[in-house]
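Take a look at the letters that make up each chain.
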Amino acid sequence: MKKIKNLAIIQARMNSERLPGKVLLKLGNITVLEWVIRAVKKIKSIDDIVVAISHLKENELIEKLCKSKGINLFKGNDQDVLSRFYEASKQKKPKNIVRITADCPFLDPNVCEEVLFLHELADADYTSNTIPRTWPDGLDCEIVKFSVLKTAFIKAKLPTEREHVTKWIK
């Protein structure tokens with residue numbers, strides 16, 4: 001198996017409270033999720049991409065799209081998103097996980113590349129362009145070392161720490 005340095009995990013779901021199904025809404029001729037996947041594929045330092053969804057039935061439409069586009073998919077716990085990310089990445093054991101959300105169709109690959117560069121330069125455990133918020137909403141990018149994600153998976157106990165991937169890490 002090829003050694004994976006940077007694994008992008010795109011967090012996707014159909015059950016948004018404000019706009020259900022938004023990741024599969026069309027923006028032009030393609031879905032919001034497809035725009036995100038296109039952008040992630042343009043991040044030069046990414047070795048592999050996984051779309052992480054929960055086992056909920058409504059996410060089967062995301063699964064179908066990913067299969068049709070040849071995109072890796074992982075299905076995990078609905079409420080424990082930290083577990084979903086850890087489980088989606090543990091077989092590949094990448095050095096870093098790049099967390100991307102599926103509802104940001106204008107994600108800029110260059111911004112993500114810069115955040116990855118700074119993460120590597122600083123040999124950081126966690127790097128983000130959201131603390132403080134330095135880029136417009138929708139250009140969010142977080143990078144966490146796999147070893148730190150594993151520690152968070154083991155040590156995070158509160159429901160809010162499990163529901164949000166990087167809350168315990170921050």
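All of the points below concern the structure found in this document. Sequence order sets the numbering: in each chain, residues are counted from 1 along the sequence as written. Only residues with pLDDT of 70 or above have their local features reported here, since the model is predicted, and side-chain atom pairs are shown and tallied only from 80 upward, although totals for entire chains, interfaces and linings are computed over all residues. Values reported for side chains reflect all heavy atoms of the structure, with hydrogen atoms and water molecules removed beforehand.

## Some details on the overall build of the chain
Starting at the N terminus, helices and strands are each numbered in turn, a helix being any DSSP run of H or I of at least four residues and a strand any DSSP run of E of at least two. In terms of helices and strands, the chain carries six helices and eight strands. Starting at the N terminus, the α and β elements of the chain follow one another as β-β-β-α-β-α-β-α-β-α-β-β-α-α. Overall, the chain is about 40 × 35 × 35 Å in size when its C-alpha atoms are taken along their principal axes. The buried label goes to any residue with under 20% of its type's maximum accessible area, the exposed label to any with over 50%, and the partly exposed label to all in between, with areas taken from a 1.4 Å probe on protein chains only. Residues counted as buried form 51% of the 170 residues belonging to the chain. Within the chain, contacts between residues at least 6 apart in sequence are counted, and of these 66% link residues at least 24 apart. Summed over its atoms, the accessible surface of the chain is roughly 9300 Å², and 54% of this surface lies on carbon and sulfur atoms. Taking the 30 positively charged and 22 negatively charged side chains of the chain as two groups, their mean positions are separated by 4 Å. Every residue pair with non-hydrogen atoms within 4.5 Å of one another is taken to be in contact. Computed with a 1.4 Å probe, the accessible areas rest on the Shrake-Rupley method; for each residue, only the protein chains presented here act as cover. In this tally Asp and Glu are treated as negative and Lys and Arg as positive; neither His nor the chain ends contributes. Here the site of a charge means NZ on Lys, CZ on Arg, CG on Asp, or CD on Glu.

## Notes on the pairing of strand β1 (residues 6–11)
The buried fraction of β1 is high, at six of six residues. Side chains N6, A8 and I10 project from β1 onto one buried face, and the interleaved L7, I9 and Q11 project onto a second face that is buried too. Relative to strand β6 (residues 96–101), β1 runs parallel, the two being bridged by six bridges. Looking at β6, one finds that I10 is bridged to I100. Alignment of β1 against strand β4 (residues 48–54), held across five bridges, turns out to be parallel. Residue pairing in the sheet places I10 in a bridge with V51 of β4. When DSSP finds at least two bridges between two strands, those strands are taken to pair.

## Re the packing of helix α3 (residues 81–90) against helix α5 (residues 146–155)
Between α3 and α5, whose axes approach to 10 Å, the crossing angle comes to 135 degrees. On the basis of their axis angle, the class for α3 and α5 is oblique. Considering the relative orientation of α3 and α5, their crossing is left-handed. On α5, the residues touching L82, S83, F85, Y86, E87, S89 and K90 of α3 are F146, L149, K150, A152 and F153. Within the contact of α3 with α5, the residues separate by chemical class into seven nonpolar, two polar and three charged. Only the stretch in contact is used when a helix axis is fitted, and all axes are lines through C-alpha atoms; the angle between N-to-C directions ranges over 0 to 180 degrees. Orientation labels follow simple angle bins: below 35 degrees gives roughly parallel, above 145 gives roughly antiparallel, 65 to 115 gives roughly perpendicular, and whatever is left gives oblique. Crossing handedness is read from the near helix: turned anticlockwise from the far helix by less than a right angle, it gives a left-handed crossing, and turned clockwise, a right-handed one. Throughout this entry, Asp, Glu, Lys and Arg are counted as charged residues, while Ala, Val, Leu, Ile, Met, Phe, Trp, Tyr, Cys and Pro are counted as nonpolar. The remaining residues, Gly among them, count as polar.

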